[in-house]
Amino acid sequence: MRNIFFLLIFSYNYSIAQDVNNLPSIKQKQVYDNIITQELFRDSAVSTTVIWIKKEVKPHYHSNHTEQVLIVEGEGQMLLGHEAIFIKPGDLINIPRGIIHAVRVTSKLPMKVLSIQCPQMDESDRVMVQPNGW
């Protein structure tokens, strides 16, 4: 009986822990001016969010988490530390905690990105800055 109980609890936890998303098919749910987000997943270790950007993300850094950004749609320029780079669909950008970053969209199509933060994103962790020349 104990083995059956363990199997049921394990099966339940395993089934709710799975989640499958198709990034190209995820659409924003409302009209937006510059930035809109849709959280896909969150637990104590990580948060995963789709972000649509029409114009820009102002320069900032995160004091407590690392971020990975996968460009799904759109193109632009990204400030990453002291370097400006061109970003396009398929690019995966690793942003260690404390690194200043920003985005300017250059395509007519809004930029759509998958952002993964570890540990999970906390809005109070975003520190806005004004670097020279951006």
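Caption draft 1: Geometry of the nonpolar core. Grouped together as the largest cluster of nonpolar side chains are 13 residues, with contacts concentrated most on Ile71, Ile87, Val103 and Met111. Looking at this core, the elements that each hand over two or more residues are strand E2 (47-53), strand E4 (66-73), strand E7 (92-95), strand E8 (101-105) and strand E9 (111-118). Ignoring anything within four residues of it in the chain, the contact list for Met111 reads Ile51, Trp52, Ile53, Ile71, Glu73, Gly74, Glu75, Gly76, Ile87, Val103 and Val105. Core analysis: the next-biggest nonpolar cluster, separate from the first, contains nine residues, Leu23, Ile26, Tyr32 and Leu40 among them.

Caption draft 2: Seen up close, the packing of aromatic side chains. The final tally for this structure, using the stated rule, is zero aromatic pairs. Above the ring of Tyr32, the side-chain terminus of Lys54 is found at 4.5 Å from the ring centroid.

Caption draft 3: The pattern of salt bridges, seen in detail. In this structure the tally under the stated criterion is four salt bridges. A salt bridge links Asp33 to Lys55; the shortest N-O distance between them is 3.4 Å. Residue Asp33 is located in the loop between helix H1 (2-16) and strand E1 (35-42), and its partner Lys55 is located in the loop between E2 and strand E3 (56-62); the two are separated by 22 residues in the primary sequence. Classification of Asp33 as exposed rests on a relative accessible area of 57%. Put simply, Glu56 and Lys58 hold a salt bridge, and the shortest N to O gap is 3.0 Å.

Rules of the game
Residues numbered from 1 in each chain as written. Predicted model: local features only at pLDDT ≥ 70, side-chain atom pairs only at ≥ 80, totals over all residues. Heavy atoms only, no water. Core = buried A, V, L, I, M, F, W, Y, C linked by side-chain atoms within 4.5 Å. Buried < 20%, exposed > 50% of the residue type's maximum accessible area, 1.4 Å probe, protein only. Helix = DSSP H or I, 4+ residues; strand = E, 2+ residues; numbered from the N terminus. Contact = heavy atoms within 4.5 Å. Phe/Tyr/Trp six-rings, centres within 6.5 Å; stacked < 30°, edge-to-face > 60°. Lys NZ or Arg CZ within 6 Å of the ring centre and 35° of its normal. Salt bridge = Lys/Arg side-chain N within 4 Å of Asp/Glu carboxyl O.

Taken by themselves, the reported measurements are silent on function.
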